[in-house]
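Chain by chain, the residues:
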Amino acid sequence: MSLEAENIDLKDQFQEVIQSEDVLHIREFLNNQNISDVADLIYEFPEYEVQIIGHLSIHRASSTFKILDVPTQKRIIQELPAFKTAELLNDLSADDRTSFLEELPSEVVKELIKTLDPEERKITLSLLGYPEGSVGRLMTPDYIAVQKDWTVSEVIDHIREVGKDSETIDVIYVVDDKGAFIDDIRIREIILANPEKEIKDVIDNRYIALNVNDDQEAASEAFKMNNRVALPVLDNSNILLGIVTIDDVLWITQEESAEDITKIGGTEALDEPYLEIPLLKLFKKRVVWLVVLFLSEMLTATAMGYFEDEIAKAVVLALFVPLIISSGGNSGSQASTLIIQAMALGEITITDWWRVIRRELVSGMLLGAVLGIIGFTRVVLWNQIFHTYGEHSFLIASTVGFSLVGVVLWGTLAGSMLPIVLKKFGADPATSSAPFVATLVDVTGLVIYFSVAFVIMRGILL
């Protein structure tokens, strides 16, 4: 039998089966056909397209749906029962689902996204083009929207009807008939208003909204500056796509804080609980930074080699190398941590760099002076008691004291400026971790220490 004859025979069989109205028979017939043949039946009998998809097993329905043309897909989705639409969209592969949703208007997409399971929704929002770290990745389409010409009584009835499926009913969103955002209104204002009053007479048109492409930090800042439990998320056409709730932002803030802490500690952020992450994966996340820091620390050996002659002439100088470089590293790490925290909280920005420098200059001098005095006193007293440093102990003490002032001042400036510089060039300030700053200051601290020693001891010990 020719292919054309087979198709004619299939169409005749279908007509006979569909007219029998025997549900089990229809399902059995359709599920026994090739996917391409079922698609042909949909094209041949558009009046039965919804019934065909509805009678197929969900897996075969999604397999058929994805090979249909977009206009047919749109018609089917519009006419399918809500539960069947949910099953169909959830069973589609993420890329097929996204390809279909990209063909639809924003207001339709937001409604369909509501039907997805939480994990599928997350994936779909990701693939729809919202950048990683954007508000679009945080939003939920589960909210209550009303029209401005509705009465308060109608709004309350609507809340009772759909409120159980909403993320929150604390805030109600007012939109026009095209889904464009107009205003938001707290449930308290609705409850206290006259039941016959229209919503347009209750709203005040003073709202805070997020753009779907905003950075998640913008959402965090908006919640911090405004007493809101939820904020609307709009696209560039002012269409209301979803809302972001305070619990979502708090969760993201917690994740970012945990990530920053691990970076400050000199390791990559863990994306799994410590006890659950595979050992090899944990090793990979830690070894890179350790290797980088180790290679950087090798510069310390290079610096000491450069001052080999000075060390040979005054071996006593080598005794204070750990003291000097640890003090510089500690001050740098301290400053770096403070600045990273302040930037994370929005207390300072890169435009405040000059104010930061001025503050750290004073702080560094004061901190260095305190450590310098302690270092100087320690060397002098220790020599008087144990006669450890010989007849030139005062020069050695002066070298240690002044070096500590210089190294601590440099460490403070370097630690405070590095996060700001990284932010300026688009990098994560948290990567200017304490170990990284300490390594940087170790090398330069040695240069400062031996330079001060050369100036003070020149012609005597050096």
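The structure contained in this document is the topic of the report that follows. (Residues numbered from 1 in each chain as written. Predicted model: local features only at pLDDT ≥ 70, side-chain atom pairs only at ≥ 80, totals over all residues. Heavy atoms only, no water.)

## Overview of unusual backbone geometry
Phi is positive for N205, close to 60°, though the residue is something other than glycine. Among the structural elements, N205 can be located in the loop between helix 12 (187-192) and strand 4 (210-211). Phi angles above zero are rare outside glycine, and N238 is one such case at about 70°. (Helix = DSSP H or I, 4+ residues; strand = E, 2+ residues; numbered from the N terminus.)

## A few points about the sheet that holds strand 1 (residues 145-147)
The strand order 1-2-3 describes an open sheet built from three strands, whose pairing is mixed. Each edge of the open sheet carries a strand with a single partner, namely strand 1 and strand 3 (181-186). Strand-to-strand twist in this sheet, taken as the mean axis angle between neighbours without regard to direction, amounts to 35°. Pairing geometry for strand 2 (residues 171-175) and strand 3, over five bridges, is antiparallel. Within strand 3, the position partnered with Y173 by the bridge is D184. (Pairing = 2+ DSSP bridges. Axes fitted to C-alpha atoms, helices over the stretch in contact; angles between N-to-C directions.)

## Concerning the side chain of T399
Along the polypeptide, T399 turns up in helix 19 (residues 393-424). Residues in contact with T399, not counting those within four places in the same chain, are L317, Y449, V452, A453, I456 and M457. (Contact = heavy atoms within 4.5 Å.)

## Focus on the packing of helix 5 (residues 58-65) against helix 7 (residues 82-91)
Each pair of packed helices can be described by the angle between their axes along with the distance between the axes. Two numbers describe how helix 5 lies on helix 7: the axes approach to 9 Å, and their chain directions differ by 70°. Considering their axes alone, helix 5 and helix 7 lie roughly perpendicular with respect to each other. Across the interface between the two elements, I58, H59, A61, S62 and F65 from helix 5 touch E87, L88 and D91 from helix 7. (Parallel < 35°, antiparallel > 145°, perpendicular 65-115°, else oblique.)

## What to know about the pairing of strand 6 (residues 240-245)
Within strand 6, six of the six residues are buried, leaving the element largely enclosed by the surrounding structure. Note: strand 5 (residues 230-234) against strand 6, five bridges, orientation antiparallel. Bridging from a neighbouring strand, L231 pairs with V244 of strand 6. In this structure, the hairpin formed by strand 5 and strand 6 is closed by a connection of five residues, where N238 is found at a positive phi of approximately 70°. (Buried < 20%, exposed > 50% of the residue type's maximum accessible area, 1.4 Å probe, protein only.)

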